[in-house]
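Overview (structure and organization)
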Amino acid sequence: MTDYGKAFYDYLISKGVSQNTLDSYQRDVEHYLAFLKEHGDPLPEKTDKEILSQYVAELQSLGRSPSTVTRNMASIRSFYQYLIQLGLTEENPAKQIKIQKKDKKLPQILTQQEVELLLRQPDISEPKGCRDRAMLELLYATGIRVSELTELDLSDIRLKEGLLHCRSHKSERTIPVYPAAIAAVSDYLRRVRSEIAPKLEDEGALFLNFNGKRLTRQGFWKIIKNYARSAGITKDITPHTLRHSFALHLLENGAQLKDIQMMLGHADISSTQIYIQLLDNHMKEVYNSYHPRAKMG
């Protein structure tokens, strides 16, 4: 790690940013600093808009998506704000760079039938399947982010009350949990958690891997991909798929957008409004598929 990169990394830690943000900012800034060094401009405080434009062009030539380039520039803008605080520069050249935005691709949504099929895949007679079923049920029951799922502690689930307390750097909220998910988590805690690893390295974590450590986001990614494959679901499932499905299914069944916003932990309701568009698209698909005259020329 470069001296600049290390200093910026330490600064982000002091600001209390999440590990995911920390990793992406570090990666983006280190890549940018390497670019400057390769092009004979090792001092970022001397960089101008022209150099940054060349950097954006290089990212695009490497096939980086507009969203990835935009994220890179957000990281670099934060880096320059840090340099300004240190008094090393007076301007933030990254603020002058405009990235052409493409329409956001709407997320994939599972139907309620596909969710049920996915939830039936884990073999709950086995320790791994019991744990995995509890995680999948809890995600679909609450709509929490996968990063929030892996950060849950034993004290966050209130089984008797049917409630989950979710804490993250983005929000803190209490969410109701339907009985089947409570039963799945209870079964995992009663039968499996103490046996899933010979030594518990993180005694407070709700969900553990087989090394006794807190399950990671990457670990869950592999889990849900495998179960989607075994269920024969061909959609491009990501760790966020159950979160999106949770929100759309609530909306389909009459939930208010404001309530969904609170359960998802969105600071701004505009982030939740994407599900209105998803609902409209879903209704059009249903109409075109099932109305007897929809396919007539």
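Described in the following lines is the structure provided in the data block. (Residues numbered from 1 in each chain as written. Predicted model: local features only at pLDDT ≥ 70, side-chain atom pairs only at ≥ 80, totals over all residues. Heavy atoms only, no water.)

**Some words on the pairing of strand E2 (residues 163-167)**
Here is the rule: Each residue's exposure class comes from its accessible area (1.4 Å probe, protein chains only) as a fraction of the maximum for that residue type: buried when under 20%, exposed when over 50%, partly exposed otherwise. In DSSP terms, a helix is any run of H or I states spanning at least four residues, a strand is any run of E spanning at least two, and both are numbered starting from the N terminus. Two strands form a pair only when DSSP identifies at least two bridges running between them.
In terms of burial, E2 is a largely internal element, four of the five residues being buried. For strand E1 (residues 157-158) and E2, the ladder comprises two bridges, and the chain directions are antiparallel. Among the inter-strand pairings, Ile-157 is bridged to a residue of E2, identified as Leu-164. As consecutive antiparallel partners, E1 and E2 are separated by four residues, and within that stretch Gly-162 has a phi angle of approximately 70°, a positive value. Strand direction decides the pairing type here: E2 and strand E3 (residues 172-176), joined by five bridges, are antiparallel. The residue bridging His-165 from the neighbouring strand is Thr-174, located in E3.

**Thoughts on the packing of helix H2 (residues 19-38) against helix H3 (residues 49-61)**
Let me state the cut-off plainly: Axis angles are defined between N-to-C directions and span 0 to 180 degrees, where every axis is a line fitted to C-alpha atoms and, for a helix, only to the segment in contact. Oblique is the label for any angle not covered by the other classes, which are roughly parallel (under 35 degrees), roughly antiparallel (over 145) and roughly perpendicular (65 to 115). Definitions for this section: a left-handed crossing has its near helix turned counterclockwise from the far helix by less than a right angle. A right-handed crossing has that turn clockwise. When checking whether two residues touch, look at their non-hydrogen atoms; a contact exists if any pair is within 4.5 Å. By the convention adopted, Pro, Cys, Tyr, Trp, Phe, Met, Ile, Leu, Val and Ala count as nonpolar, Lys, Arg, Asp and Glu as charged, and the other residues, Gly among them, as polar.
One can describe the packing of H2 onto H3 by two numbers: an axis separation of 11 Å at closest approach and a directional angle of 110°. Viewed along their axes, H2 and H3 adopt a mutual orientation that is roughly perpendicular. Seen from above, H2 lies across H3 with right-handed handedness. Contact residues: Asp-28, His-31, Tyr-32, Phe-35 and Leu-36 in H2; Ile-51, Leu-52, Gln-54, Tyr-55, Glu-58 and Leu-59 in H3. Across the contact of H2 with H3, the residue classes break down as seven nonpolar, two polar and two charged.

**A short note on the nonpolar core**
The criterion, for reference: Nonpolar cores were defined as sets of buried Ala, Val, Leu, Ile, Met, Phe, Trp, Tyr and Cys residues, with membership established by side-chain atoms within 4.5 Å.
With 54 residues, the main nonpolar core has Leu-138, Leu-149, Phe-220 and Leu-242 as its most contacted residues. With eight residues, helix H6 (residues 127-142) is the single largest residue contributor to this core. If sequence neighbours within four positions are ignored, Leu-138 has contacts with Gly-143, Leu-149, Leu-152, Ile-157, Leu-164, Val-177, Ala-181, Val-185, Leu-206 and Phe-207. Formed by 26 residues, the second largest nonpolar core is a distinct cluster that contains Phe-8, Tyr-9, Leu-12 and Phe-35.

**Some words on the pattern of salt bridges**
Cut-off, in case you're wondering: Any carboxyl oxygen of Asp or Glu that lies within 4 Å of a side-chain nitrogen of Lys or Arg is treated as forming a salt bridge with it.
This model, assessed by the stated rule, comprises 14 salt bridges. Of the charged contacts in the structure, one is a salt bridge between Lys-128 and Asp-132, with a shortest N-O distance of 2.7 Å. Of the two residues, Lys-128 and Asp-132 both sit in helix H6, four residues apart, roughly one turn of that helix. The buried category is assigned to Asp-132, whose relative accessible area is 0%. The partner of Glu-148 in a salt bridge is Arg-173, and the shortest N-O contact between them spans 2.8 Å. Pair noted here: Glu-148 is in helix H7 (residues 146-150) and Arg-173 is in strand E3, with a separation of 25 residues, a long-range link. One connected set of salt bridges, linked through shared partners, spans Asp-153, Asp-156, Arg-167 and Arg-214.

**Focus on the sheet that holds E1**
One open sheet accounts for three strands, arranged E1-E2-E3; its pairing is antiparallel. For this open sheet the edge positions go to E1 and E3, each flanked by a neighbour on one side alone.

**Some remarks on the packing of helix H10 (residues 241-252) against helix H11 (residues 257-264)**
Here H10 crosses H11 at 160°, and the two axes come no closer than 10 Å. Considering the angle they form, H10 stands roughly antiparallel to H11. Judged by the sense of rotation from one axis to the other, the crossing of H10 with H11 is right-handed. On H11, the residues touching Arg-243, Phe-246, Ala-247, Leu-250 and Leu-251 of H10 are Leu-257, Ile-260, Met-263 and Leu-264. Looking at side-chain class alone, the contact of H10 with H11 contains eight nonpolar, no polar and one charged residues.

**A few points about H2**
Note the threshold: To estimate the expected span of a helix, subtract one from its residue number and multiply by 1.5 Å.
The end-to-end C-alpha distance of H2 is 28 Å, a good match for the 28 Å that 20 residues give at a rise of 1.5 Å each. Within H2, burial applies to Leu-22, Ser-24, Tyr-25, Asp-28, Val-29, Glu-30, Tyr-32, Leu-33, Phe-35 and Leu-36. Those residues of H2 hidden inside the fold are in contact with helix H1 (3-15), H3 and helix H4 (66-86).

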